[in-house]
Amino acid sequence: MNMDFLKRPSMPEDAVQYQLFLVHPEPSDAEAHERFLQRILAEIAPLLVQYIWQHQAFNLRYHPEKGDVPAHLGGVTQFGDNVEDEWFIVYLLKHITRTFSDVAAVVSDNDGQFLLIEAAEHLPKWLDPDSSENRVFLYQGELHILPNRTRSGEVGWPRDSVPAVGQALEVLHSHTESCLAKQPIRSALARRLDGYPDKIQQNFHRAHCYVPAGIVVVLSRRPDLIAPAVSAFYLRDPVDLQACRTFHTFPPDTRVMTSVKFTRCLYAQLQQQSFVPDRRSGFTLPACSHPQYRAHELGMKLAHGFEILCSKSGQSSSEKEASVSSNPLWRGFLDSLKTNGYFKSELEGSVRYKDLMTSAESFFRQSVTSTHRPDIQNPGQEVMNVLEDASYSLEELKNQEAHLTPEDSDAWLDISPQELERLLEERGGRGVSDGTRKKAQPDEELQEEEAGYSLIAVTKGMKSFINAMSSHEGAEIPRSCLTDPFSFDPDAVSNALDRLLGSKDDELDSDDFEDDEEDGNDVDDEEVQNGKFQEQAGAEELDNLRKYMDEMDQELQSTNMGKSFTQNNRASNKADASKNSSAASRSEFIEEEIQPLDLDLNLVSNLLESLASQAGLAGPASNLLQSLGIHIPPDADQS
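Presented here is an overview of the structure given in this document. (Residues numbered from 1 in each chain as written. Predicted model: local features only at pLDDT ≥ 70, side-chain atom pairs only at ≥ 80, totals over all residues. Heavy atoms only, no water.)

### Looking at the packing of aromatic side chains
So, step 1. Here the structure, examined in full by the defined rule, presents 16 aromatic pairs.
So, step 2. Aromatic pair Phe 88 and Tyr 196: ring centres 5.8 Å apart, planes at 25°, arrangement stacked. Linking Phe 88 in helix α2 (residues 84-99) with Tyr 196 in the loop between α6 (183-192) and α7 (198-202), this pair joins segments that are 108 residues apart in sequence. Tyr 196 shares its class with Phe 88; the two are buried.
So, step 3. When the centroid spacing of 5.8 Å and the interplanar angle of 65° are considered together, the rings of Phe 262 and Tyr 267 count as edge-to-face.
So, step 4. Residue class for Tyr 267 comes out buried when judged on its relative accessible area of 1%. (Phe/Tyr/Trp six-rings, centres within 6.5 Å; stacked < 30°, edge-to-face > 60°. Helix = DSSP H or I, 4+ residues; strand = E, 2+ residues; numbered from the N terminus. Buried < 20%, exposed > 50% of the residue type's maximum accessible area, 1.4 Å probe, protein only.)

Next comes the structure, spelled out in structure tokens:
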């Protein structure tokens, strides 16, 4: 058993780690990597400057060579409650490796190779958590997996050993096509990343909020500070709320209506929590029927979050963060932005140019500077810095209330049971074939025909599942229930059955024929006699088994066990038995009662009974049928 995972450093459950390697590294120093870092950041800056991260931003810094790991660029991001941040980072890595063809990316989280989890149903048998280390890369914009090398001369790496990163990169570079993941695996990953980069904008939610004027100014300069403010309110404790008894930084008498840009995750966190402000705070809410009640409530919560942030700033002016212009990487980064057309045709010094510059500085500070000095990350102090540098007119902000952008609909917060079922099926890797559920047909014949087909599918699916080969690692879903065809080796199955039933010569006990073989004259006679004895022994065993089963049947007749099963012609037998009970003997009655079971009917009836007892909730029967791709409609009979 591979115990190397015990030596790996633990990673938080809400964090993702990523590394960028050169596939054919040349002797290079830190300066060469930093120049390369400038090019990468300039490439992805247009995607990131407007992005709002839940907790930490995507960041890269130089890591020198250490042990078997060559020098590379890497970072760690905690995504908090918004797992979409993690998948956005995966998209960024794919974009980087597609743009820079000599770069390979490795990404993992607390679950290990989570990219493989997305395509678990399509992975080869040999690939598991132990055999996937240093084998999975994003390269040239696609997922690559080092193949399993079973013989010398083949491409790949042996399953039972872990390649060093440098060795894996060498195989990846020299045998790129052989390492390309199979199409179903890549398609599964592409489905999860479907919609990017447009999905970035779709994930935003704009809502009207009635907030103190200082918050309007802060968010106009630093839209990304909405995330720590919402988190401060969402994770508040009684000590935090002490700072909200009286609002010193954001007094409620300066409130104005504004449009605030959230991510959907942040909006849901803020909107779904119930909260009553302290009467001393000065925040009052209108009646629930008021048309702007929600804007007042959201603004009140947001103001509490910002006030809590500023109460935790605790940083003197002498410890303020240095300007980004003092960072030696900034000049090269800014030149790359201009080369890539980041500022478009805006004139230097214009309002739009200044906004773009502020966003670029914020992105550079989060993605580069903070990785060198993580102790400077203090969102409360950043809010205070913006307030100190900004000047505003309350009257002008009130005039802007008439020109606010419309709110986005939050209908996405309410999800129907059908939509939830569709999402669960998609996440389980089994989407609905036509995209919609068939509506119930009023025609009874069609309903009976559909029900009949479903019951046949249940019996066939269960038989396939029971007959499928499984191992000590757990039960396996038969390939016939999946998209891949099911194949098997007839000879292997025959040999397995022979060993199981004991029909092979070497499976028989030699003691059974020891006495008889002593009198044999020649080889042929011995073979004939052995064959006869085997046939006779097999017939005797079968006869004994039948007698044993008959005795069991008769013994079970005196119990209630038989009543729990459905038998062929059971109803007619009972009717005939009731008519002829006075004339029939006990032995004849038992003979009539012992009828073969209807296995398919018993299987279906027991499954349906189990489904009914679940009352629509998850359970063994529904989980098993779902994994087999069988959909049982809900029970319409509520009696």
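Text resumes after the structure shown.
### Overview of the sheet that holds strand β4 (residues 103-109)
So, step 1. If you trace the six strands from one edge of the open sheet to the other, you get β2-β3-β1-β4-β5-β6, paired in antiparallel fashion. Of all strands in the sheet, those bounded by a partner on one side alone are β2 (61-63) and β6 (142-145). Pairs of neighbouring strands in the sheet enclose a mean axial angle of 35°, with direction left out of account.
So, step 2. Summarising the sheet, β4 and strand β5 (residues 136-139) pair through two bridges and their orientation is antiparallel. Bridging from a neighbouring strand, Ala 105 pairs with Leu 138 of β5. (Pairing = 2+ DSSP bridges. Axes fitted to C-alpha atoms, helices over the stretch in contact; angles between N-to-C directions.)

### So, unusual backbone geometry
So, step 1. With omega at 5°, the peptide bond leading from Tyr 196 into Pro 197 counts as cis.
So, step 2. Relative to the assigned elements, Pro 197 resides in the loop between α6 and α7.
So, step 3. Although it is not a glycine, Asn 134 adopts a positive phi angle of roughly 60°.
So, step 4. Along the polypeptide, Asn 134 turns up in the loop between α3 (114-118) and β5.
So, step 5. Even without being glycine, Gln 140 reaches a positive phi, approximately 55°.
So, step 6. Relative to the elements of secondary structure, Gln 140 occurs in the loop between β5 and β6.
So, step 7. Look at Gln 140 and you get partly exposed, because its relative accessible area is 38%.

### A short note on empty space enclosed by the protein
So, step 1. In this structure the tally under the stated criterion is four cavities of 30 Å³ or more.
So, step 2. Here the largest cavity defines a volume of roughly 180 Å³.
So, step 3. Along the walls of the largest cavity sit 17 residues, with Leu 48, Val 49, Tyr 51, Asp 224 and Ser 362 positioned nearest its centre.
So, step 4. Here the element with the most residues in the lining of the largest cavity is helix α14 (residues 351-372); it accounts for five residues.
So, step 5. When grouped by side-chain class, the residues that make up the lining of the largest cavity number eight nonpolar, five polar and four charged. (1 Å grid on protein atoms, 1.4 Å probe; cavity = no way out; pocket = protein on both sides within 12 Å on 5 of 7 lines; lining within 4 Å. Points joined across faces, edges and corners; volume = space filled by probe spheres on them. Nonpolar A, V, L, I, M, F, W, Y, C, P; charged D, E, K, R; others polar.)

Geometric descriptors of this kind do not, in isolation, establish any biological role.
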